[in-house]
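A structural walkthrough
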Amino acid sequence: KDLHAFFEHCKVYYGLAVNPVSPIKKLPTERVKQPVPTEEEFLKLLMAADRHERNLLIACATTGGRRSEIFRMTWTDDVNFRERKIRLGNRKNRARELRYRWLDMNEELYAALMDQYKTRLPQSDFVFQNRDSRSQYYGQGYTFRRRFMGKLCQKAGIEKRMGFHALRRFFASLLADH
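Presented here is a report on the structure given in the accompanying data block. (Residues numbered from 1 in each chain as written. Predicted model: local features only at pLDDT ≥ 70, side-chain atom pairs only at ≥ 80, totals over all residues. Heavy atoms only, no water.)

A look at the pattern of salt bridges
Let me state the cut-off plainly: A side-chain nitrogen of Lys or Arg and a carboxyl oxygen of Asp or Glu constitute a salt bridge if their distance falls within 4 Å. A run of DSSP states H or I qualifies as a helix once it reaches four residues; a run of E qualifies as a strand once it reaches two. Both are numbered from the N-terminal end. Relative accessibility thresholds used throughout: buried, under 20% of the residue-type maximum; exposed, over 50%; partly exposed, between the two (1.4 Å probe, protein chains only).
For the coordinates displayed, the defined rule picks out 11 salt bridges. Across the pair Asp104 and Lys85 runs a salt bridge, and its minimum N-O distance is 2.6 Å. Of this pair, Asp104 sits in strand 3 (residues 99–104) while Lys85 sits in strand 2 (residues 85–90), and the two are 19 residues apart along the sequence. According to the relative accessible area criterion, Asp104 is exposed, its value standing at 58%.

Written out as structure tokens, the structure reads:
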């Protein structure tokens, strides 16, 4: 499966004429059911998080946005408090172009983003900024936070570790339940 995908990528981007593994029959695979955090686990995460981490969790869980979409948000382009809307952009399309969509803010997200705005670092326009003054990336927007969710799960006493994508599944489960 992975080799097939790799050579298909090479056909599109590097002019490879033929995928050499396409004649090989793919083996059957079983999809592993991805864990969905419960409301109790999400509340534990919120309780274990500090102020800015909590705002990040709320933004992820109330929008269903991808980690990259949330981290890419800026105050000038993507947050409109007056209309209570946020803009998320991703490259999940064939052309790999950045495409945007506008979402309405609910009360929790509005409060979280307003708190972020009031406590923002002045040198950066990113909504979620690196606040570690010891870091060379201080004040810059995040691109990823490799150990954030694992450490937060540990701090919250949640045995099964989850990543940012689990918050997308949590959002989807809330939508499916209502």
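What follows continues from the structure just given.
Some remarks on a nonpolar patch on the surface
Keep this limit in mind: Only residues whose relative accessible area exceeds 30% and that take part in no salt bridge are eligible for patches, with like-charged residues grouped when within 9 Å of each other and nonpolar side chains (Val, Leu, Ile, Met, Phe, Trp, Tyr) grouped when within 5 Å. Each accessible area is a Shrake-Rupley estimate made with a 1.4 Å probe; only the visible protein chains count as cover when residues are assessed.
A surface patch of nonpolar side chains, about 390 Å² in accessible area, is lined by Val12, Tyr13 and Tyr14. As for its placement among the helices and strands, Tyr14 is situated in helix 1 (residues 2–14).

Looking at the sheet that holds strand 3
Whenever strands of a sheet pair, they do so through backbone hydrogen bonds, lying parallel or antiparallel. Where we set the bar: Paired strands are those between which DSSP finds at least two bridges.
Judged by pairing direction, the sheet is antiparallel, and its 3 strands sit side by side in the order 1-2-3 without closing on themselves. The strands lining the two open edges of the sheet, one partner per strand, are strand 1 (79–80) and strand 3. Relative to strand 3, strand 2 runs antiparallel, the two sharing 6 bridges. Paired with Asn90 across the strands is Arg99, a residue of strand 3.

Brief notes about the nonpolar core
Defined as follows: Residue types Ala, Val, Leu, Ile, Met, Phe, Trp, Tyr and Cys, when buried and joined through side-chain atoms within 4.5 Å, form a set referred to as a nonpolar core. We call two residues contacting when some pair of their heavy atoms lies within 4.5 Å.
In terms of nonpolar packing, the biggest core is built from 38 residues, with Leu45, Leu57, Val79, Leu113 and Phe128 touching the most fellow members. Contributions of two or more residues to this core are made by helix 2 (39–48), helix 3 (51–63), helix 4 (67–72), strand 2, helix 6 (107–118), helix 7 (148–156) and helix 8 (164–177). Top contributing element to this core by residue count: helix 3, with 6 residues. The contact partners of Leu113, leaving out residues within four places of it in the chain, are Met73, Trp75, Val79, Phe81, Ile86, Met105, Val127 and Phe128.

Topic: helix 2
If you check which residues of helix 2 are buried, you get Glu41, Phe42, Leu45, Leu46 and Ala48. Where helix 2 is buried, its residues meet helix 3, helix 7 and helix 8.

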